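# A structural walkthrough
Spelled out from the first residue to the last, the chains are:
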Amino acid sequence: MTDREIFELYKEDVYYFCYYLMKNQADAEDISQEVFVKVILADRSKVRNLKSWILRIASNECNSLIRRRKTGVMKELRNYLLSRSQDSNPVEEHLNRRETRKEIQGLYSKLPDKIRMVVVLRFINELTVPEISKVMDIPEGTAKSRLNKGLKLLKGKMVGTQLKEMSSNESVY
């Protein structure tokens, strides 16, 4: 299989995998590009399952970027929250509420990184548990338990979100 054929066959899988993990189009595009550079430069002669191998590379690239940014993002968020004025504009409040709703729609993003990765691989990339264990280089039992925990967390977060929405929609007369 040529490099071009590999790229054409897996570009969407890699992009969507990176997009769901990173939650950012530009990051997903950059990481996808890095992944295919590594795929093209690597020796693929001993690779059995190409899709799992490529997604493993994508997983490693996403994890590297997440680790590098984690400390920086927390510092920026803290500074932003401290610098925000207490007298907020009603228009800003409306926009903030709208952004919050979008965040709620992306409940999966609140999952811990390792659990989110398993959930994304299973339901977005449609990999089986054995394939997930190969991509993440973990035992199948660990992949199953992370998937189960992720589903429980998502279910709990959905119920919590619905309760919050219901209570905020009730009128106070």
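The rules behind each value
- Residues numbered from 1 in each chain as written.
- Predicted model: local features only at pLDDT ≥ 70, side-chain atom pairs only at ≥ 80, totals over all residues.
- Heavy atoms only, no water.
- pLDDT = per-residue confidence, 0-100.
- Contact = heavy atoms within 4.5 Å.
- Helix = DSSP H or I, 4+ residues; strand = E, 2+ residues; numbered from the N terminus.
- Buried < 20%, exposed > 50% of the residue type's maximum accessible area, 1.4 Å probe, protein only.
- Salt bridge = Lys/Arg side-chain N within 4 Å of Asp/Glu carboxyl O.

## Some points on the confidence of the model for the chain
- A residue-level look at the chain finds 71% of positions with pLDDT of 70 or above and a mean pLDDT of 80.
- For residues 169-173, every residue scores under 50 in pLDDT, and the model assigns this stretch zero contacts once sequence neighbours within four places are set aside.

## Here's the deal with the side chain of Ser32
- Looking at the secondary structure, you find Ser32 in helix H2 (residues 25-41).
- On the accessibility criterion, Ser32 (9% relative accessible area) is buried.

## Here we look at the pattern of salt bridges
- Evaluated as defined, the whole model comprises seven salt bridges.
- Across the pair Arg44 and Asp3 runs a salt bridge, and its minimum N-O distance is 2.8 Å. Of this pair, Arg44 sits in the loop between H2 and helix H3 (50-83) while Asp3 sits in helix H1 (residues 3-22), and the two are 41 residues apart along the sequence.
- Close ionic contact of Arg4 with Glu8 constitutes a salt bridge, the shortest N to O distance being 3.2 Å. Placement of the pair is Arg4 and Glu8 together in helix H1, with a separation of four residues, close to one helical turn.
- Judged by relative accessible area, Arg4 falls into the exposed class, the value being 57%.
- If you follow the salt bridges from partner to partner, you end up with Arg4, Glu8 and Lys11 in one network.

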